[in-house]
Amino acid sequence: MALMPAVTVVPPFQLLIIVLLAFLTVVDLFATQALLPTLAAHYRVSPAAMGLAVNACTLGMAIGGLSIALLSQHINRRTGILASLLVLSIPTFLLAYAPNLAIFASLRVVQGLCMASAFGLTLAYLGERYTSEQSASAFAAYITGNVASNLVGRFVAAAVVDHAGLAANFFVFSTLNIAGAALVFATIERARMPEIFDPARDSQSEAWWSHIKIPEMRAGFAIGFCILFAFIGTFTYVNFILVSPPLSVGMMTLGFIYFVFLPSIITTPIAGTIARKIGHKPALWIALAVAGTGLPLLVIPSLPAVLTGMVLVAVGTFFAQALATGFVSRAARTNRAAASGIYLASYFTGGLIGSAVLGQIFDRFGWSACVAGIGVSLAVAAWLTQRLNVGADKTQ
């Protein structure tokens, strides 16, 4: 079934396909975070070193995002997404045999390159194939699939490792990558490349600058940076708190704990509707405030408190991500694929820097200081939100 708009409201079956595409595209990204304590013990390294290696995929995704921004107008959407997911299965499979941390991190970077190309091209496809009225729901569905990959991916990873070991985990996820490619083959139509009427198209780099020169777009890119900075900081290093005294959660229980993402699957799809009703700025401020409310709970030595804090951070950051992604795509005046690529590069650079900076803070100063750093990132995102052009809301 081709993903083509025919009516004002996107049909539920098409939304389901979009959710599944997102799920199978980024399921490798965060699922491995659930294995951080096990991986750190396996490679005999510190939490910060293992966290940086696991999150090295964000470096690949940042590079991949920039590459899509440069080359997207020359890449057929269907072919690019299909090839990216097929190639992704290779480094995922090889992670089962990574003999040391350097090779593990290098394979994660390659994974990131593949995921970013599929992610960016899919966002471009959705922006080009759906109308302004439909796009908010389409993008929210895609981010909902991202949320689902966090929940299901982490649970599956923890369950497989608990029952069959680390290597089996990567075999399973390699199979999921191939399943994603099969879904693309079956559902995304062979479409003619869109014409991009841009006087600057003679210079590919001008596609970047045409977006970066716009203050609202710069703010949108920076908000994406802050969102993943905060998300990575929370859901990378909280794993070490959960498995340590006084909480002392086991591996299988750790997988179940990531059902904290379940409320986000319910709230994220309505991001587009909320933005249309109250505007992107108020909606983003509310989302960031919800995430910020969860931070004090993360430092209380009580499992119910920590879980509640994780729920609030997840709901707020995923809601904010859906809003920021939709804003950037709709506010782009030309070449939406380039705008999406720059956003992804900024977003995943925030994840990489967040992993490195907050990892050092965690190792040197502890969890409370790490949570404080997360709070600073959310505050910066809230400050940047005031720079968004509310006129973009009218295009939603």
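In this text the structure is predicted, and so the values were computed from the model without any measurement.

Draft legend 1. Region of interest: the overall build of the protein. When you go through the protein residue by residue, the secondary structure sums to 17 helices and 0 strands. Of all 396 residues assigned to the protein, the portion counted as buried reaches 58%. In the protein, of all internal contacts separated by at least 6 residues, the share reaching a separation of at least 24 is 84%. When the accessible surface of the protein is summed, it comes to about 14,200 Å², and 70% of that surface belongs to carbon and sulfur atoms.

Draft legend 2. Broad picture of the nonpolar core. Grouped together as the largest cluster of nonpolar side chains are 129 residues, with contacts concentrated most on Met-50, Phe-104, Phe-235, Leu-242, Tyr-258, Phe-261 and Met-310. When residues of this core are assigned to their parent elements, the largest contribution, 16 residues, is made by helix H10 (residues 215–243). Not counting the four nearest positions on each side in its chain, Tyr-258 is found in contact with Ala-34, Leu-151, Arg-154, Phe-235, Val-238, Asn-239 and Met-310.

Draft legend 3. Highlighting the confidence of the model for the protein. In this model, the protein carries a mean pLDDT of 85, and residues with pLDDT of at least 70 account for 89%. Mean pLDDT across the elements of the protein ranges from a minimum in helix H9 (residues 204–212), with 65, to a maximum in helix H17 (residues 367–385), with 96. Contacts from residues 195–202, a stretch scored under 50 in pLDDT, to residues over four places away or in other chains number 8 contacts. Below pLDDT 50 for its whole length, residues 392–396 participates in 14 contacts with residues either more than four positions away or in separate chains.

Draft legend 4. Quick peek at the packing of helix H3 (residues 47–54) against helix H6 (residues 101–129). Running from N to C, H3 and H6 cross one another at 35°; their axes reach a closest spacing of 8 Å. Here H3 contributes Ala-49, Met-50, Ala-53 and Val-54 to the contact with H6, which in turn contributes Leu-101, Phe-104, Ala-105 and Arg-108. Looking at the contact of H3 with H6 residue by residue, the classes come out as 7 nonpolar, no polar and 1 charged.

Draft legend 5. A look at the packing of aromatic side chains. The final tally for this structure, using the stated rule, is 23 aromatic pairs. Ring centres of Phe-231 and Phe-235 lie 4.7 Å apart, and the angle between their planes is 40°; on these two criteria the pair is classed as tilted. Taken as a pair, Phe-231 and Phe-235 lie in helix H10 at a separation of 4 residues, close to a single helical turn. For the pair Phe-362 and Trp-367, a centre-to-centre distance of 6.2 Å together with 80° between the ring planes defines the contact as edge-to-face. Each of the two residues, Phe-362 as well as Trp-367, counts as buried.

Draft legend 6. Spatial organisation of unusual backbone geometry. Note that the residue after Pro-245, namely Pro-246, is joined by a cis bond; omega there is 10°. With respect to the helices, strands and loops of the structure, Pro-246 is situated in the loop between H10 and helix H11 (251–257). A positive phi is found at Arg-44, a non-glycine position, where the angle reads about 55°. Position of Arg-44 among the secondary structure elements: in the loop between helix H2 (36–43) and H3. Positive phi is not limited to glycine here, since Ser-248 has a value of about 50°. Examined against the element boundaries, Ser-248 turns out to sit in the loop between H10 and H11.

Draft legend 7. Looking closely at H6. With 29 residues, H6 extends 42 Å from end C-alpha to end C-alpha; this agrees with the ideal 42 Å at 1.5 Å per step. With 22 of 29 residues buried, H6 is to be regarded as a mostly interior element. For H6, the N-terminal capping position is held by Asn-100, with its side-chain oxygen 3.2 Å away from the main-chain nitrogen of Ala-102.

Draft legend 8. Seen up close, a nonpolar patch on the surface. A surface patch of nonpolar side chains, about 470 Å² in accessible area, is lined by Val-87, Ile-90, Phe-93, Leu-94 and Tyr-97. Of note, Tyr-97 is situated in the loop between helix H5 (77–94) and H6.

Draft legend 9. Region of interest: the side chain of Asp-28. Within the fold, Asp-28 resides in helix H1 (residues 12–31). No salt bridge forms around the buried Asp-28; measuring N to O, its nearest opposite-charge neighbour Arg-108 is 5.9 Å away. At a separation of 2.5 Å, a polar atom in the side chain of Asp-28 contacts the side chain of Asn-177. Setting aside chain neighbours within four positions, we find Asp-28 in contact with Leu-88, Thr-92, Arg-108, Gln-111, Met-115, Phe-173 and Asn-177.

What counts and what doesn't
- Residues numbered from 1 in each chain as written.
- Predicted model: local features only at pLDDT ≥ 70, side-chain atom pairs only at ≥ 80, totals over all residues.
- Heavy atoms only, no water.
- Helix = DSSP H or I, 4+ residues; strand = E, 2+ residues; numbered from the N terminus.
- Buried < 20%, exposed > 50% of the residue type's maximum accessible area, 1.4 Å probe, protein only.
- Contact = heavy atoms within 4.5 Å.
- Areas by Shrake-Rupley, 256 points an atom, 1.4 Å probe, with all protein chains shown as cover.
- Core = buried A, V, L, I, M, F, W, Y, C linked by side-chain atoms within 4.5 Å.
- pLDDT = per-residue confidence, 0-100.
- Axes fitted to C-alpha atoms, helices over the stretch in contact; angles between N-to-C directions.
- Nonpolar A, V, L, I, M, F, W, Y, C, P; charged D, E, K, R; others polar.
- Phe/Tyr/Trp six-rings, centres within 6.5 Å; stacked < 30°, edge-to-face > 60°.
- Expected span 1.5 Å × (residues − 1).
- Polar contact = N/O pair within 3.5 Å; in protein donor to acceptor, adjacent residues only side chain to side chain.
- Patch = residues over 30% accessible without salt bridge, like charges linked within 9 Å, V, L, I, M, F, W, Y side chains within 5 Å.
- Salt bridge = Lys/Arg side-chain N within 4 Å of Asp/Glu carboxyl O.
- Lys, Arg positive; Asp, Glu negative; His and termini not counted.

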